[in-house]
Amino acid sequence: MLFENNNTQPLADKLRPDDVSLMAGQSHLFGDNGIVSRIMASGKIPSMILWGPAGCGKTTTAKILAKKSGLNVEFLSATNTGASELRILFDKAEKLKKDGKGTILLIDEIHCFKRNQQDLFLPYIENGTITLIGATTENPSFELNTALLSRCRLIIFNALDKEALIKLIERAEETENKKLPIEDSAREVLCEISGSDGRYLLNMCEELFNSNISKKLTSGELLNFLQRKTANYDKS
């Protein structure tokens, strides 16, 4: 039967690390003296803003920190959450606080909140009702209120380098128990057209894994197959 395989979990989600030791790249954060490593070792998670390009591990890091904390965790996206929903969540967190249970609030695309919405967080961060972990691809200095930033640690993520991207490809092949149907030289091209976005890279790998290609594609054939334009690069 068509589509009889109900295993629809995307490869990028399947490979999402559950421990910082499995993160690709970001050694300045996850190394022995990295700030995220120090935070985890301390056992106390502060409110923080995770800033970096798409697909570099911000949301994964936030989820790992939240899980390790043992606290109540709420996850939402600023793109589809309003002030009324935030107030309901804050009320819930206050009730949990009275019972001795803390709350970590994970917010994706936090820069999408308007300035007055961002102000709603201030008293709840201040009195310890919530620990905020917000992720953003936009410069927090321009997109977030100064008062909110002053209450949070700023954690800066770098774009994934080629070494980290190759590591992701190898993990994908290990997970799927097969090699990508591309020549070795095409692997670098695959990394280049990902734009250093790990999630985008894994989505392209999944597309290749699911194809019925019976030969190894050259770099040119790979570009044609994926129908992508290398718009991030100049003509040289």
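Residues numbered from 1 in each chain as written. Predicted model: local features only at pLDDT ≥ 70, side-chain atom pairs only at ≥ 80, totals over all residues. Heavy atoms only, no water.

Caption draft 1: Quick look at the overall build of the chain. Check the secondary structure of the chain and you find 13 helices and 5 strands. Its C-alpha atoms give the chain principal-axis dimensions of roughly 60 × 50 × 35 Å. Classification of the 236 residues of the chain by burial places 43% in the buried group. In the chain, the proportion of contacts linking residues at least 24 apart, taken out of those at least 6 apart, comes to 77%. Of the roughly 13300 Å² of accessible surface on the chain, 47% is carried by carbon and sulfur atoms. Counting 30 positive and 31 negative side-chain charges, the chain places the averaged centre of each group 5 Å from the other. (Helix = DSSP H or I, 4+ residues; strand = E, 2+ residues; numbered from the N terminus. Buried < 20%, exposed > 50% of the residue type's maximum accessible area, 1.4 Å probe, protein only. Contact = heavy atoms within 4.5 Å. Areas by Shrake-Rupley, 256 points an atom, 1.4 Å probe, with all protein chains shown as cover. Lys, Arg positive; Asp, Glu negative; His and termini not counted. Charge placed at Lys NZ, Arg CZ, Asp CG, Glu CD.)

Caption draft 2: Looking closely at empty space enclosed by the protein. For the structure shown, the criterion picks out 1 cavity of 30 Å³ or more. Considered as a void within the structure, the largest cavity measures approximately 50 Å³ in volume. Elements that contribute at least two residues to the lining of the largest cavity include exactly helix H4 (58–69), strand S3 (103–108) and strand S4 (130–136). Within the lining of the largest cavity, the residues separate by chemical class into 6 nonpolar, 1 polar and 2 charged. (1 Å grid on protein atoms, 1.4 Å probe; cavity = no way out; pocket = protein on both sides within 12 Å on 5 of 7 lines; lining within 4 Å. Points joined across faces, edges and corners; volume = space filled by probe spheres on them. Nonpolar A, V, L, I, M, F, W, Y, C, P; charged D, E, K, R; others polar.)

Caption draft 3: Fine view of unusual backbone geometry. Phi at Glu109 takes a positive value of approximately 55 degrees, unusual for a residue other than glycine. Examined against the element boundaries, Glu109 turns out to sit in the loop between S3 and helix H6 (115–119). You can call Glu109 partly exposed: its relative accessible area is 25%. The phi dihedral of Asn177 is positive, around 60 degrees, even though this residue is not glycine. If you trace the backbone, Asn177 turns up in the loop between helix H10 (162–176) and helix H11 (184–193). Assessed through its relative accessible area of 70%, Asn177 is described here as exposed.

Caption draft 4: Broad picture of the sheet that holds S3. Strand order in the open sheet formed by 5 strands is S2-S3-S4-S1-S5, and the pairing between neighbours is parallel. Of all the strands in the sheet, just strand S2 (72–77) and strand S5 (153–156) have a single pairing partner and so form its edges. Averaged over all pairs of adjacent strands, the angle between strand axes in this sheet comes to 15 degrees, irrespective of strand direction. Pairing between strand S1 (residues 48–51) and S4: 4 bridges, direction parallel. Of the residues in S4, the one forming a bridge with Trp51 is Thr136. Here H4 sits on the sheet and contacts S1, S2, S3 and S4; the angle it forms with S3, its principal contact strand, is near 170 degrees. (Pairing = 2+ DSSP bridges. Axes fitted to C-alpha atoms, helices over the stretch in contact; angles between N-to-C directions.)

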